[in-house]
Amino acid sequence: MSVFSYLLLSFIQLAFMVMDCLVVMILVKVLYDHWHFVWLKPFAELAGPPVRAITDSVGTWLQNKTGKSYPPKTLLTLLVLSVWIIECVTSGIIR
């Protein structure tokens with residue numbers, strides 16, 4: 001393999017790591033919002049602003065495209081689903 005292919009694979013692995021971190025942050029926020037585990041509170045407070053910023057931008061984009069506004073839980077579900085689909089498609093193309 002050439003240097004370019006190694007760099008491309010490294011970039012894709014880095015992108016997967018970022019997407020997985022985003023999914024973990026969303027799961028922490030959802031778990032804390034639903035069950036209020038005390039030990040998850042600091043993590044949920046840290047994950048709240050970045051997740052809110054991402055869901056706000058996704059919500060704005062969807063509202064511009066569809067003309068409808070969606071609740072935050074729907075946006076979180078849509079975001080996790082789209083990250084999962086992107087990872088599956090990308091790993092299918094690579095292999």
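Summarised in this report is the structure supplied together with it. This is a predicted model, so every value here is computed, not measured. (Residues numbered from 1 in each chain as written. Predicted model: local features only at pLDDT ≥ 70, side-chain atom pairs only at ≥ 80, totals over all residues. Heavy atoms only, no water.)

1. Concerning a nonpolar patch on the surface
So, point 1. A cluster of nonpolar side chains, namely Leu81, Trp84, Ile85, Val89 and Ile93, defines an oily patch on the protein surface of about 540 Å² accessible area.
So, point 2. Tracing the backbone shows Trp84 in helix 3 (residues 72–94).
So, point 3. Judged by relative accessible area, Trp84 falls into the exposed class, the value being 53%. (Patch = residues over 30% accessible without salt bridge, like charges linked within 9 Å, V, L, I, M, F, W, Y side chains within 5 Å. Areas by Shrake-Rupley, 256 points an atom, 1.4 Å probe, with all protein chains shown as cover. Salt bridge = Lys/Arg side-chain N within 4 Å of Asp/Glu carboxyl O. Helix = DSSP H or I, 4+ residues; strand = E, 2+ residues; numbered from the N terminus. Buried < 20%, exposed > 50% of the residue type's maximum accessible area, 1.4 Å probe, protein only.)

2. A closer look at the packing of aromatic side chains
So, point 1. Throughout the structure, instances matching the rule amount to 2 aromatic pairs.
So, point 2. Every member of this aromatic cluster is reached through a ring pair, and the members are Trp35, Phe37 and Trp39. (Phe/Tyr/Trp six-rings, centres within 6.5 Å; stacked < 30°, edge-to-face > 60°.)

3. Describing unusual backbone geometry
So, point 1. At His36, a position not held by glycine, the phi torsion is positive, near 55°.
So, point 2. Turning to its location among the elements, His36 is positioned in the loop between helix 1 (3–35) and helix 2 (41–66).

4. Brief notes about helix 1
So, point 1. Helix length check: helix 1, at 33 residues, gives a terminal C-alpha distance of 48 Å against a target of 48 Å (1.5 Å per residue), a fit within 8%.
So, point 2. Among the residues of helix 1, Ser5, Ile12, Met19, Leu22, Val23, Ile26, Val28, Lys29 and Tyr32 are the ones counted as buried.
So, point 3. Looking at the buried residues of helix 1, the elements they touch are helix 2 and helix 3.
So, point 4. His36 sits one or two residues past helix 1 and shows a positive phi near 55°. (Expected span 1.5 Å × (residues − 1). Contact = heavy atoms within 4.5 Å.)

5. Focus on the side chain of Thr55
So, point 1. Within the secondary structure layout, Thr55 lies in helix 2.
So, point 2. The exposure class of Thr55 is buried, given its relative accessible area of 7%.
So, point 3. The contact partners of Thr55, leaving out residues within four places of it in the chain, are Leu75, Leu76 and Leu79.

6. So, the state of the cysteines
So, point 1. In this structure the tally under the stated criterion is 0 disulfides.
So, point 2. Cysteine Cys88 shares no disulfide, and the gap to the nearest cysteine sulfur, in Cys21, comes to 18 Å. (Disulfide = S-S within 2.5 Å.)

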